[in-house]
Amino acid sequence: MFIHKLDGNWLKHPFWRTKFLLTDEQILADLRASDVDGVYIDVEKGEDVGARSGEPARRRPLISGDSGGSGISIVDRARLDRLHAQPISRPPMGNAVAFDPRSTTPLSVAREVGHAKAVVAKASRVLAGVFEQARLGKAISKGQVEPVIEDLFASIQRNPHAFNGLMRIRRENTSLYAHGLAVSALMIALGRQMGLPPDHVKEAGMAGLLMDVGMGHLPIDVSTILDDLSDAEREIVQTHTTLGYEFLNMGGELSEEVARVCLEHHERFDGSGYPNQLVGDEIGLFGRMAAICDVYDSMTSDRPHRPRIDPNAALAIMRGMEGQFDEDLLDQFIESVGVYPIGSVVRLTNGRLALVVDQNVDDYTRPRVWSFYDIGSRRVIKPEDLDLRLCKGRVEIVCSDDAAGFEIENFPAIREMVFNSACKALH
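These numbers were taken from a predicted model, which means no experiment stands behind them.

Asker: Before we go on, may I ask you to explain the sheet that holds strand S3 (residues 39-41) in this structure?
Answerer: With antiparallel pairing, three strands are arranged side by side in an open sheet as S2-S1-S3. Looking at the sheet topology across the chains shown, the edges are occupied by strand S2 (20-21) and S3. Pairing geometry for strand S1 (residues 2-6) and S2, over two bridges, is antiparallel. By the bridge assignment for S2, isoleucine 3 is matched with phenylalanine 20.

Asker: How should I be thinking about unusual backbone geometry in this particular structure?
Answerer: For residues besides glycine, phi is generally negative; the peptide bonds are generally trans as well. A cis amide bond, omega 10 degrees, links tyrosine 274 with the succeeding residue proline 275. Phi is positive for glutamine 277, close to 50 degrees, though the residue is something other than glycine. Following the sequence through the fold, glutamine 277 ends up in the loop between helix H10 (256-264) and helix H11 (285-299). Even without glycine at this site, asparagine 410 takes up a positive phi of about 55 degrees. Following the sequence through the fold, asparagine 410 ends up in the loop between strand S8 (397-400) and helix H14 (411-426).

Asker: Just to check I follow, could you spell out the environment of histidine 115 for this structure?
Answerer: With respect to the helices, strands and loops of the structure, histidine 115 is situated in helix H3 (residues 109-135). According to the relative accessible area criterion, histidine 115 is partly exposed, its value standing at 23%. Taking the C-alpha atoms as reference points, histidine 115 and alanine 162, separated by 47 residues in sequence, lie 9.3 Å from one another. With residues near it in sequence (within four places) discarded, histidine 115 still touches Phe99, Leu107 and Arg158.

Asker: Teacher, can you tell me more about the pairing of strand S6 (residues 368-374) here?
Answerer: Where a strand is regular, its side chains alternate between the two sheet faces. Across the seven residues that make up S6, a large majority, six, are buried. Here six bridges tie strand S5 (residues 352-358) to S6, and the two strands are oriented antiparallel to one another. The residue bridging leucine 353 from the neighbouring strand is tyrosine 373, located in S6. Pairing analysis gives six bridges linking S6 to strand S7 (residues 379-387), with the strands arranged antiparallel. Across the sheet, tryptophan 370 pairs through a bridge with aspartate 385, a residue of S7.

Basis of the calculations
Residues numbered from 1 in each chain as written. Predicted model: local features only at pLDDT ≥ 70, side-chain atom pairs only at ≥ 80, totals over all residues. Heavy atoms only, no water. Pairing = 2+ DSSP bridges. Helix = DSSP H or I, 4+ residues; strand = E, 2+ residues; numbered from the N terminus. Buried < 20%, exposed > 50% of the residue type's maximum accessible area, 1.4 Å probe, protein only. Contact = heavy atoms within 4.5 Å.

As structure tokens, then:
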């Protein structure tokens, strides 16, 4: 069918274009799963009622779904019955080749996000089981988690921003293994930015993935604590570093460098961390990398006791935590995620708020954004795609901004919808 119009406000559906020929199974599924009440179709353009092989479009009456036959002839009913009795045959796919999830061929953010979502879904299933067995004291084997690292590594090779941008946008980011998955991806992107050999990059990813495994051995469930930790609870939680280190060493399959990150990811460059108050290079390279990636993901994810912080604001805060991080590594990290990371909200010179949806690798200060909110009228607007590299002199970023200050109703859903719509439009 040719969709002429979607019934209802654009906030109810995940589509940027409201006029399109519906030929894709996934788009059909998205449409059915949306809050749209109905659609208007154009029978002059739809291939379902004519316009094939030069035929003039044929108008047919709309047919109700009940079996009373109202509005349908006996001949048409017989044709429908025959069609329903026949197996559905699909046209050959020609030379189409299935996507290889381990491919490292570069892709745009819009194209890679779909593959990144598949990686998240697959990895989440694996990690839920791995972390549960770890909680029960069963050692983690290298073979269980290596496929997750290989998939993450391939995704970030295809595009260094898509997976991490997706993790900043997603609303379901509160589980322990989701945090590990996000930190692992950040570690891989940072290691890649630093020019580490591929094997070391994957090892860094493994370390980030498992650094909080000791949390499962604590006598309290941190996820149920809705306020800041008490002093007594904080002391208990801090033992997860040594518990995780001892647990990974018990298995014997994972390297000392991976296990050591359990022990060191809360150490700080100035000696203010825990458990051993290590200073500077006393902390291993992976430990110094993990400290940065862990804090960034924690700040930019929702927690039971506080909402997330905008990615760019988190970078600014981390810049202000003087002495706590290896500054050279922090510079590399900021370059790996972008000056304005995907998922950041920025204020534009045209008086609008916009969501960063892609990076311009030639100029990270001018990303691609979609504006979604008019500051003057304080209302959500239909998004506009702006490649700021091409808008130089007309529209610029004034500063990063916090959407929470504008009391935008249901902003997390709007942010996710704008990002998904941008990816579909730019695919």
